[in-house]
Each structure stands twice: as structure tokens, then as C-alpha cells.
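Residues per chain are reported as follows:
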Amino acid sequence: MRRHGPWAWLLALAVGTASAQVDEEDGETPVVMAEREAHALLAEALPAEPGARYALLQRQARAAQALEQRGKYVELLRELATLGRSQPGGEAWIRQYLSAEFIWGSSGQSMAAADAFASDTTLSPTARAEAALRQVYALAQARDRSMLERMWSRAQGLVRQAQEALSNRDPAATLRLRVQHLQVRSEIERWDGRLADAVATMREAVRLAHKGVEDARRAAKDTSKSSRDPAVQDAYGWYDGSQGMLVYALVRHGRAPEAIQVAQGNLALWRSGQLSDALGARWSYRLGQAQVAARQYAAALENAQRADDMLQRSGASAASHTRWLARQEQVRALIGLRRWPEADAFYRDFLASLPADSLAKDRASDWRLRALLAAKNGRFDEALDAVERVLRYRQRLYGETHPQTQEASGVRALVRLLKGDMTGAWSDYQPLFTALLDNPGGWQDLDLNGARGFVLGLAFDEFLREIGARALRGEALEPAWTDRAMQVADRLQAGAAHRALTDATARLLAATPALRTLLEEEANLRAAASSRNGALATQLNEEDRLRRRNSSEETKAELKALPDAERKKKQKALADELAAVREQVRAGREQAQAAREALNAQRERVAKAYPAYADLVTPALPPPSALQKLMSPGEALLVVQPLEGATLTWWITPGAPTRFAASSIGAAGWADKVAQIRVALDLSTGRPPVVPATALHEVWRELVAPLQPGADVKSLLVAADGALAALPFAAVLTTPESDAFVARRMAVTQLPSAGALFALRRSAAPAPATKPLFGVGDPQFKSASKAGRAALGASATKYDAAWGFSYGDIPPLPETRVELTALAKALGANPHTDLLLGAAATREAVLAAPLQDRRVVAFATHGLMPGELPGVSKPALALAPGADASVSPLLELDDILTLRLNAQAVLLSACNTAAGEQGGAAMSGLVRGFFFAGSRSVLATHWAVETSSAAALTAATFSAKAPRAEALRLAQVGMIEGTLGGGRWAHPFYWAGYALFGDPSR
């Protein structure tokens, strides 16, 4: 019996892993000063004499830091930054002040002060460069693209001057400048939409900052107290900030599980007393942001509230970067929890509490959230006013067909839908549907992250909810509504795995220079289009300013006071100035439109030259009518989308109208029911072999029977989301009888999404491969090399085969050798040459193998889902460590995309690979990765299957002279009826654990 059970062994191995990123001595230790002494120092009056004042200010700053009085600390640093300029080494206070002001004081004031310091030619090149970088970082949090680009250009010039001036004479300052430059470069990459580059840049910043901590600790005079050394504390501040920015970059890149690992590890350091409360507060809201991205809203709210309370007690300003982040996550968590009145009240208080700080207000005030919260709390006029002003502006700025305009239209659609105006909402939804469903470029233009993701995601959710509510009430629905609803469901299903797939293409692009060049050109055109839009926005703002000025009462009074000749001359000058700007606006519009057209043309070139890549990262979302044309007689497609209060289903067959129905059971209800079904079917726990007939028939009764499936359907394709993706559909009962399994009536194939069928059948299948099998199994996880075992130890800072756990402790899988040997015998393969077993089952061997001539490629090993190991943010297969201990032994999604297959099927005989993570997203990504690599189908397991029955079923499936789905069905029916296994394997535990993904006919 293969009993892989839950991943408790992985969790045990991972304990303490994230905290191993830094040594215990590296935590920020507060300034050691007796509380009474610190209070006494702060009470002393500052002398007027500059030297004495400067000396006392330094001691008071240390006292405020010791007491964690952040408001007072910022105030003292502000004066030190001014007085220190005339003191030896005093310019360091400028850097400390700008950072503290941004983090704890006023982010807007920090930005303004940074500009002043960067412009001051009396300062050293290093001080000016650091100030310029701080200004650009602050600008990257605002919305003025043109200003950001100008200041980034200035900052880079100042950095070059500083590097030349330092010339490695001050290694610590040189390294610090490099870290800060990387931090800001990552923000610029984010602005340009290059999220993978932003993550990579922050990883390099973390590496360098950690080196700075180690260098500072070695240079400390008293190494036994190095953690208290000011240089060590300063270096740790850069390391901590870089880790925090890495968390943000990971979240934006859709890698929330990895971000959560980093944040939890640092919070563990805080709880153990190794980090100050100030850093503990920051890691609390960083964790909250990652948890919001992972939809762990309750935990996120708790962490964000704790952070905000701690920051408020320490004196952090309401306009500070830290308070803003902590409260932003509270708003988003409350929205995620659908606690609308609380979210509304909190957000309004949040905005009202901000002082006159333009940057803080600009960052906090999001028109999407204002419109959403107003509408959700019944203030529809307020909501419509907020969104219509933005919509009018974007129509004027970009035109009707620009994605930004379509987004605004979608938000108004949401408001109208909540108001009960379905006719108006339907009209407004059309531009958004066009952008995100009909246009593949919408995957990049309107990526569903941040506030946009919240609101547009809710716009989709509310549309589906309205369709479901009307169906449950028995109302007639327009076919156009239900067709669009199915495309929305398809977008939600495909989108769950989209970010991981996009992230995983880096290795593929490295091996495909022509494609990489095309995509680099696309990225440049996207940045150019964004820059044009930013310039146009600036021009429009100037036009508005001049128009208001010319029509103001002040201007009218000024003109009236002038003599006629001068008045006419002044009027003409004002009109000419406005006309010149309007001409600039006209030219700017043309340039922005041309940039947009060039971007679209480039995307079309990429899709035409590399259609498989386009299907991978921007998959098509075809309507039901397009899918019908791809289907054969006897096939049916079932699309299932669970919502909060209902589940929507579609039934698509060739040559017949699409059928639609809704069940009153929602996502939470199905999650419970599917979990109960899976537990009831799991005989590995020793439970009696009873089929849960009532629960299995309920699935058919609720989801399929209302669609009136015909008896002529012999092949059923299922695209299900949420917990239903983990349901063994072949075991569903069509009648209450305990043996009326779907498998008796029709073959079942799963799809990652309905649109996947479009990609699978768009082109003819190539000629079959000549050789039957290539198999990989029973990996030897223990490394024979001592060096290899050491490299799998605690010295790494990210997962690259070394994340602070012993890979060799992973449970071995000797039974998989039996399974693969039986499969090789059934297919006529040579087990000695066609199988990689034991120590030979390495990632390197798989990547080097000639897989294109194998009809079946089989992996019998542990399947890892995102978050099951620290740093693993994409699905992977665990293989044996190779000769190079620094190389990961995991065959990750990145690797799968680079494989070249011509396989009729890939077999994943690994624990739970079919169920995947929440929503089935991980399996969706893994399956789509194998599709891209060249497999027509993937056979995976829902649970840890029993060895003997697994060997028999896979051998029967792959040796049958029938299409893959029908071959699997015949093997399953053979077990049910006893022709295969003599009746020992009739229970669904033995045969229903296998799920076939892909094209059932190839």
C-alpha cells in the first residue's frame, strides 16, 4: 500500500526554515539605554551653541530610538540632518532622516526633503545620490509617470558620480548604495510591468544587504556584542527593508506562499526577541499583505490591526509609509471578508485622518475603492459620481477602446448592478468583457492585482452572482448573458494559474532567443505606451489649469483693469498659450494611440510566431459557440463554477443550444461535501469499504441532472473550479444505486479550463512517437555525497536545493519501481534503458533525455504543490539530487516548459497531484505546462493510490487500443466488474483516484 498521507513530514522539515535566512545575532537590537536615562536625556533643553546642540541631539536620537518613540526620533533626525552637514561624517544623518521620515513620519515631506538634498551641490555625490534614490522610491508610490522618469534619470546620473567618487574606498557605503539602487530599480521595473525582473532584482538586493550585515559584524570592535554595533544595526536595516520589498515583489508576482514564508520567518524572530517591536510591526503588515493576496483575509486583518496598533503606540505618523501600509491591508482584508459597513467606515476614517500630505493622500485615495464601498453601502449617487468623473476623464485622455477606459466602464457596471440597473450594467460590462475576455492582451493590460484586482474581481463575481440569483428564482435569462458568464468563469479558472505560468517562462525564454527578443520589444513598446499616456495626462492637466485660469474671476478682473490695447494683447497671449497646449494635447493623443497600436501589433506578431506560448500566458477564452465547433458527436463539455451562494453549470454539445443551470449549493458547501467524499473513499485509513452513495449521487442531481444530459454522450469533459476540481467525477453516481458510476456510462476527462480545449484542438496532432515509454521513479532522495548533504542544509537564503531542511529525509517510494516496471512490461519497453530509477532519477537526467520519441512519459514520485516547501511557489516533482549539490533536485514548472515531448500522455503517479492547491490552480499550471511541452493528455492521481491496483490500471490503460479517455474508462469498469483484479479493486478507492486531463480523443 502506498500511503503518502498529508504532507506532515514536509511541514516538520520546514520548521524554523525561514528564520534560518539570517543568523540569530543579525536581529536589530534596540539601543541599550536605561529607560530613566533615556527620558532624562529627552527632557534636557537643547543648547544654542551648534556644537553642543549637535552632540546632545545625537544622544537624544539614541534615547528616542531606545524608547521606540518614533515621532520624536524623526523630529530629532530632521534637525540632525541640517546641523550634521557641517560636521565630520554628519551627512549620514541626511540618509537616516529621509528614511525615518518616510517610514515613521510624513512620506510626502520625506519626498520633498529628498529633492532638496539631491539638488544641493554643496553635498557629497554619495549624499546627493542617496537622497535622489529616496525621492524616486517615494515617487514610485505616486502616479506621476513623467516626473518619475525624470527623477530616475537624475538619480542614475548621481549614482554613477557617487560610485566614481567612492571608488571602493568605502566598501560599506559602496555596498549600501548598490542595495538602495537595486531597491529603486525594482520599483521602476514594477512600474514597467516587468514583475519577474522586479523579483529577481530584489533577490539580488537581499543577497547584497545580507553581505553588508556580515561585513559590518566582522568589522565590529567587539564581535561578542556585534549586534549592538551601530554599523551592524544600520546594515540590518537595509537587509530588513530589502526583505520587506522582496515580499511586496513576490506578492505582486502572484507568489504569495513564498512571501508568507519570508514574513512568518521574520515574525518568528520578533517573537523570540531578536527584532524590535518596530520591525515586528512592519513584518506584521507585510505578512498581512501576503495573506490578503492568498485570500487569508481573517489572518491578514489580525496582523494588519496588530501592526497599526503597535505603530500608533510608537508615535508613527498617520501619513507615514508604515501606517499607510498597515491600514491599507485592513481595508483590503475587510473587503475580502465582505464586511462592507466596517470596510466603509474604516476607509473613510483612514482618508480623514491623513494630514496635508499629498503623497499619503494620493496613495490612500483610490477611486475604485471609494465607488465600491459607497455602492456596497447603498450610496449609489456617490458611487456613480466617483466613477463617472474617472470614466469621463479616461474617455477624454485615452479614448473609448483603451484598457484604462474599459476598466472604468467595468467599475460603473458593478455600481449599476448593485443598484439594480441590469440594463445599464450590461451595457457597461461590454467594454470590460471585450478587454478581458475577447482580447488576449487584456491579461497584461488589466492584470487582476491590487485595488484593481479587488474591484474588477468583484465586478466579475457580482455579475456571476446576479446570473445565479436570477436562475435560482426561475427567471428567463438571455443566452448572451449566460454565454458571457461562462467566459467569465473560464477567465477565473484559467487566471488562477496564470501568474505561476508567466513566472515559469524565464528558462524557456533563455532557450528561445527569437521569442525572447519579440517579448523584449513588446515590453519596450508597453513602457513606451505607458510613457506616452503619462505625458498626455500631464498635457491635459496643463490644459485644464490654463482653461480654469483664463475663465477665473481673478483673470477677468485683471483684464478689466487694463487699457483696451493691453487687454486685447493680454487676452490674445492667454488664448495663444491655451491653443498651443491644446495642440500639444492633440499631438499627444495621436502619439499615445500610435504607441498603443504598435503594442497591439507586436502582440499579434508574438501570437502568430509562437501560438503555443500565447496559449500558455494569454490563453483564449472562447464563447460556447466556438467550443461547439471543436467538439465531435458523443462529446459534452460540463463547465462548473462555484460561487459564494450558488454554483453555475453549463452543458455544451455540438449542434445544440448551450444549456445553463444553477444549484443553490455554494463554494463552501461543495468544499465540505467533496472533503467528506474523499475521506469516505480513502480506504488507506482502514475504514470499511462502503461507497458514500448519497453524497456521490447528490453531485449528479445538483450539477448535471438539471442540464438534461442525453444518453448519447459517451465522452464527458469537465472544467470545474474550486473544491470540485478535486472531485473524482468518474465515481459520481447517476442514480441512487451504489454501482451506477459515471464511469459505466461515459469516459471522463478533466480540463484546467474550458478554453484549454481550444488550445488542444486548434491544430492537428503530430504523428505518434516511435518508442513506447520513458519512466522516472523511486528517486533516491538521500545524497551519497557528504558535500551534497551539506548543501541541502541551512546555509541558503532561497530555495535552490538548500533551504534549511534535509532533503534526504523525504520518505522513499520503493513501490513506484514495481509500478513502472509493470508499465514497461505492458507497453513492451525495456526497463533497463527506458526507466530512470533510484539515484539515476535526477532532474539533470530528465532534462537531458530524448523525450520527443516517447509515446508515454511517466513520473512516479512525490508531487509538491506551492507552499509545501519553503520557497516552492510553483508545482514541482521531487527527484534525486544530482552530482551538483547547488542545483535543485526538483523538476519545477520552469523545467517542464522546456521539455520537448510528443507524448500521447504524461503519467503523474504522485500523491495528490490531481487535487492540487486551493481552487486546483497548481494542477492547472502543471497540466498546462505539460500541454505546452507537447503532451496531449496528463493522467494524474487524486490521492495516494495502492501499488498493485495502480500497476494494473496504468498498464491496462496505456496498452489498450482505444482513445486515452475510453481506455481509462475500460480499465476502471474492469475493476468495478471484476475482470481486472478479480473483484479485489471494485471500490472507487482503487480506480477513481486517477484523473485524465487533456484531449480524450488523442
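These numbers were taken from a predicted model, which means no experiment stands behind them.

## Concerning the overall build of the protein chain
Moving on, step 1. When helices and strands are tallied, the protein chain shows 43 helices and 14 strands.
Moving on, step 2. For the protein chain, with 1002 residues in total, the buried portion stands at 58%.
Moving on, step 3. A separation threshold of at least 6 residues defines the contact pool for the protein chain, and within that pool the share at least 24 residues apart is 73%.
Moving on, step 4. Accessible area of the protein chain: about 38700 Å², with a carbon and sulfur share of 52%.

## Remarks on the sheet that holds strand S9 (residues 863-864)
Moving on, step 1. Strand order in the open sheet formed by 3 strands is S9-S10-S11, with antiparallel pairing between adjacent strands. Only two strands of the sheet have a single neighbouring strand rather than two, namely S9 and strand S11 (890-892).

## Side note on the packing of aromatic side chains
Moving on, step 1. Inspection of every chain in the model, using the stated rule, returns 15 aromatic pairs.
Moving on, step 2. Judged by centre distance (5.0 Å) and plane angle (75°), the rings of phenylalanine 741 and tryptophan 991 are edge-to-face. Placement of the pair is phenylalanine 741 in the loop between strand S4 (715-720) and helix H34 (742-745) and tryptophan 991 in helix H43 (residues 988-991), with a sequence separation of 250 residues. The two residues phenylalanine 741 and tryptophan 991 agree in class, both being buried.
Moving on, step 3. Centre to centre, the rings of tryptophan 943 and phenylalanine 989 are 6.4 Å apart; their planes meet at 5°, and the pair counts as stacked.

## Here's the deal with the side chain of aspartate 344
Moving on, step 1. When you line up the elements, aspartate 344 lands in helix H16 (residues 340-353).
Moving on, step 2. In this structure aspartate 344 comes out as buried when scored by relative accessible area, which is 9%.
Moving on, step 3. Each residue touching aspartate 344, except ones within four places of it in the same chain, is listed here: Leu373, Asn377 and Arg379.

## With respect to the pattern of salt bridges
Moving on, step 1. Applying the stated criterion across every chain yields a total of 62 salt bridges.
Moving on, step 2. The partner of arginine 586 in a salt bridge is glutamate 583, and the shortest N-O contact between them spans 2.4 Å. Placement of both arginine 586 and glutamate 583 in helix H29 (residues 564-609) is noted, with a separation of 3 residues, approximately one turn of the helix.
Moving on, step 3. When its relative accessible area of 37% is taken as the criterion, arginine 586 is described as partly exposed.
Moving on, step 4. Among the charged side chains, a salt-bridge network with shared partners connects Lys376, Glu462, Arg465, Glu466, Arg470, Arg473 and Glu475.

## What about the nonpolar core?
Moving on, step 1. If you look at the biggest cluster of nonpolar residues, it comprises 199 residues, and the most contacted ones within it are Phe859 and Phe930.
Moving on, step 2. Among residues more than four places away in sequence, those in contact with phenylalanine 930 are Phe859, Ile896, Leu899, Leu901, Val906, Leu908, Ser935 and Val938.
Moving on, step 3. Of all hydrophobic cores here, the second largest spans 67 residues; its members include Leu681, Phe729, Ala950 and Met975.

## Describing the confidence of the model for the protein chain
Moving on, step 1. On average, residues of the protein chain carry a pLDDT of 85, and 89% of them reach 70 or more.
Moving on, step 2. Of the regions scoring below 50 in pLDDT, residues 786-805 engages in 51 contacts with residues more than four places distant in sequence or in other chains.
Moving on, step 3. For the stretch residues 915-922, pLDDT sits under 50, and the model shows 22 contacts to residues farther than four places along the chain or on other chains.

## Here we look at the pairing of strand S1 (residues 635-642)
When a strand is regular, its side chains alternate between the sheet's two faces.
Moving on, step 1. The buried fraction of S1 amounts to 8 of the 8 residues, a majority that puts the element mostly inside the structure.
Moving on, step 2. In S1, alternate side chains face the same way, and those of Glu635, Leu637, Val639 and Gln641 on one face and Ala636, Leu638, Val640 and Pro642 on the other are all buried.
Moving on, step 3. Direction of pairing for S1 relative to strand S2 (residues 647-652): antiparallel, over a ladder of 6 bridges. Its bridge partner being in S2, valine 639 is matched across the sheet by tryptophan 650.

## Here's the deal with unusual backbone geometry
Moving on, step 1. Despite not being glycine, arginine 295 shows a phi value in the positive range, around 65°.
Moving on, step 2. Among the residues examined, arginine 295 registers a relative accessible area of 63% and is labelled exposed.
Moving on, step 3. Phi is positive for arginine 338, which is not a glycine, with a value near 60°.
Moving on, step 4. Along the chain, the position of arginine 338 falls in the loop between helix H15 (321-336) and H16.

## Quick look at the environment of proline 963
Moving on, step 1. Here proline 963 shows up in the loop between helix H41 (947-959) and helix H42 (964-977).
Moving on, step 2. Separated by 36 residues in the primary sequence, proline 963 and aspartate 999 place their C-alpha atoms 9.4 Å from one another.
Moving on, step 3. For proline 963, the contacting residues outside a window of four places in its chain are Pro1000 and Ser1001.

## Thoughts on the pairing of S4
Moving on, step 1. Of all 6 residues in S4, 6 are buried; the element is thus mostly enclosed.
Moving on, step 2. Here S4 shows a buried face lined by Ser715, Leu717 and Ala719 and a second buried face lined by Leu716, Val718 and Ala720.
Moving on, step 3. The pairing of S1 with S4 spans 6 bridges and is parallel. Looking at S4, one finds that leucine 637 is bridged to leucine 717.
Moving on, step 4. Alignment of S4 against strand S5 (residues 747-750), held across 4 bridges, turns out to be parallel.

## Considerations on empty space enclosed by the protein
Moving on, step 1. Inspection of the entire model under this criterion finds 3 cavities of 30 Å³ or more.
Moving on, step 2. Empty space within the second largest cavity amounts to approximately 110 Å³.
Moving on, step 3. If you go around the second largest cavity, you meet 14 residues; those closest to its centre are Ala730, Val748, Tyr994, Ala995 and Leu996.
Moving on, step 4. Sorting the residues of the lining of the second largest cavity by element identifies S5, H42 and strand S14 (994-998) as the ones contributing at least two each.
Moving on, step 5. Here the lining of the second largest cavity gets 4 residues from one element, more than from any other, and that element is H42.
Moving on, step 6. Its residues assigned to classes, the lining of the second largest cavity shows 10 nonpolar, 3 polar and 1 charged.

## What about the packing of helix H9 (residues 171-191) against helix H11 (residues 230-252)?
Moving on, step 1. Where H9 meets H11, the axes come as close as 11 Å, and the angle between the chain directions of the two elements is 15°. With respect to their mutual orientation, H9 and H11 come out roughly parallel. Remark: the crossing between H9 and H11 carries left-handed chirality. Of the residues in H11, those in contact with Arg176, Val179, Gln180, Gln183, Glu187 and Arg190 of H9 are Asp234, Trp238, Gly241, Ser242, Met245 and Arg252.

## Notes on the environment of arginine 465
Moving on, step 1. As for its position among the elements, arginine 465 is in helix H23 (residues 450-472).
Moving on, step 2. For arginine 465 and threonine 647, which are 182 residues apart along the polypeptide, the C-alpha to C-alpha distance reads 9.2 Å.

## Describing the packing of helix H5 (residues 92-104) against helix H6 (residues 107-119)
The angle between the axes and the distance between the axes are what describe a pair of packed helices.
Moving on, step 1. The geometry of H5 relative to H6 is characterised by a closest axis approach of 7 Å and an angle of 155° between their N-to-C directions. Taken as axis vectors, H5 and H6 run roughly antiparallel relative to one another. Where H5 crosses over H6, the two elements pack in a sense that is left-handed. Here H5 contributes Ile94, Tyr97, Leu98, Glu101 and Phe102 to the contact with H6, which in turn contributes Ser107, Gln109, Ser110, Ala113, Ala114 and Phe117.
Moving on, step 2. Across the contact of H5 with H6, the residue classes tally to 7 nonpolar, 3 polar and 1 charged.

## Details of helix H2 (residues 35-43)
The periodicity of an α-helix, 3.6 residues per turn, causes residues three or four positions apart to be oriented the same way.
Moving on, step 1. Residues of H2 that are buried: Ala38, Leu41 and Leu42. Take H2 and look down its axis: the buried residues cluster within an arc of 95°, on one side only. Exposed positions of H2 whose direction lies more than 90 degrees from the buried face are Arg36 and Ala43.

## Details of the side chain of aspartate 895
Moving on, step 1. Along the chain, aspartate 895 falls in helix H39 (residues 893-898).
Moving on, step 2. Aspartate 895 sits in the buried class, given a relative accessible area of 0%.
Moving on, step 3. Of note is the side chain of aspartate 895, whose polar atom sits 2.8 Å from the side chain of arginine 843.

Conventions we followed
- Residues numbered from 1 in each chain as written.
- Predicted model: local features only at pLDDT ≥ 70, side-chain atom pairs only at ≥ 80, totals over all residues.
- Heavy atoms only, no water.
- Helix = DSSP H or I, 4+ residues; strand = E, 2+ residues; numbered from the N terminus.
- Buried < 20%, exposed > 50% of the residue type's maximum accessible area, 1.4 Å probe, protein only.
- Contact = heavy atoms within 4.5 Å.
- Areas by Shrake-Rupley, 256 points an atom, 1.4 Å probe, with all protein chains shown as cover.
- Pairing = 2+ DSSP bridges.
- Phe/Tyr/Trp six-rings, centres within 6.5 Å; stacked < 30°, edge-to-face > 60°.
- Salt bridge = Lys/Arg side-chain N within 4 Å of Asp/Glu carboxyl O.
- Core = buried A, V, L, I, M, F, W, Y, C linked by side-chain atoms within 4.5 Å.
- pLDDT = per-residue confidence, 0-100.
- 1 Å grid on protein atoms, 1.4 Å probe; cavity = no way out; pocket = protein on both sides within 12 Å on 5 of 7 lines; lining within 4 Å.
- Points joined across faces, edges and corners; volume = space filled by probe spheres on them.
- Nonpolar A, V, L, I, M, F, W, Y, C, P; charged D, E, K, R; others polar.
- Axes fitted to C-alpha atoms, helices over the stretch in contact; angles between N-to-C directions.
- Parallel < 35°, antiparallel > 145°, perpendicular 65-115°, else oblique.
- Left-handed = near helix turned anticlockwise from the far one by under 90°.
- Arc of directions from axis to C-beta.
- Polar contact = N/O pair within 3.5 Å; in protein donor to acceptor, adjacent residues only side chain to side chain.

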